[in-house]
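In case you want the letters, here they are:
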Amino acid sequence: MSEDDTPVREYTRPPMLRGVDPQRMNWLWQLILQATDLKPEEVLAALNATGVGATDKRLASWAVGDRDESYFPLSIAELERNLRAVVAVKQKRAEAAEDNPAP
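Only a predicted model underlies this, so the values are computations on that prediction, with no experimental measurement involved.

(A) Molecular detail of helix α1 (residues 26-35). Burial in α1 covers these residues: N26, W29, I32 and L33. Across the axial projection of α1, the buried residues extend over an arc of 120°, all falling on one side. The exposed set on the far side of α1, more than 90 degrees from its buried face, consists of Q34 and A35. Buried-residue contacts for α1 involve α2 (40-49), α3 (56-61) and α4 (76-99).

Written out as structure tokens, the structure is:
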């Protein structure tokens, strides 16, 4: 779609399809992982790099269903922290690449 094209219809806010519990954001976390090229291993490394002692077991607990015994609810605050940690690590890498350009 170019800048001159107008949308077929005006944007409207989609209806809420589920109740949202800010203490149970595992489903949103899974959508983020599915929609991006972000891998759980990268999230783990980013969390550990920012001083958060995350483990493989903890990350895996966000990916299983809520009836699984290893399920652990991910809060919206944790989800934000995870994403901010990934952004911080990517930003540091970009800055390092600018400071040390490849020959």
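(B) Spotlight on the pattern of salt bridges. Here the structure, examined in full by the defined rule, presents three salt bridges. A salt bridge links D66 to R24; the shortest N-O distance between them is 2.8 Å. Separated by 42 residues along the polypeptide, D66 in the loop between α3 and α4 and R24 in the segment before α1 bring together distant segments of the chain. Look at R24 and you get partly exposed, because its relative accessible area is 33%. Note that R58 is salt-bridged to E78, the shortest N-O span being 2.3 Å. A residue pair is termed long-range when its members are at least 10 positions apart, and R58 in helix α3 and E78 in helix α4 qualify at 20 residues. Looking at R58, the relative accessible area reads 22%, which means it is partly exposed.

What counts as what
Residues numbered from 1 in each chain as written. Predicted model: local features only at pLDDT ≥ 70, side-chain atom pairs only at ≥ 80, totals over all residues. Heavy atoms only, no water. Buried < 20%, exposed > 50% of the residue type's maximum accessible area, 1.4 Å probe, protein only. Helix = DSSP H or I, 4+ residues; strand = E, 2+ residues; numbered from the N terminus. Arc of directions from axis to C-beta. Contact = heavy atoms within 4.5 Å. Salt bridge = Lys/Arg side-chain N within 4 Å of Asp/Glu carboxyl O.

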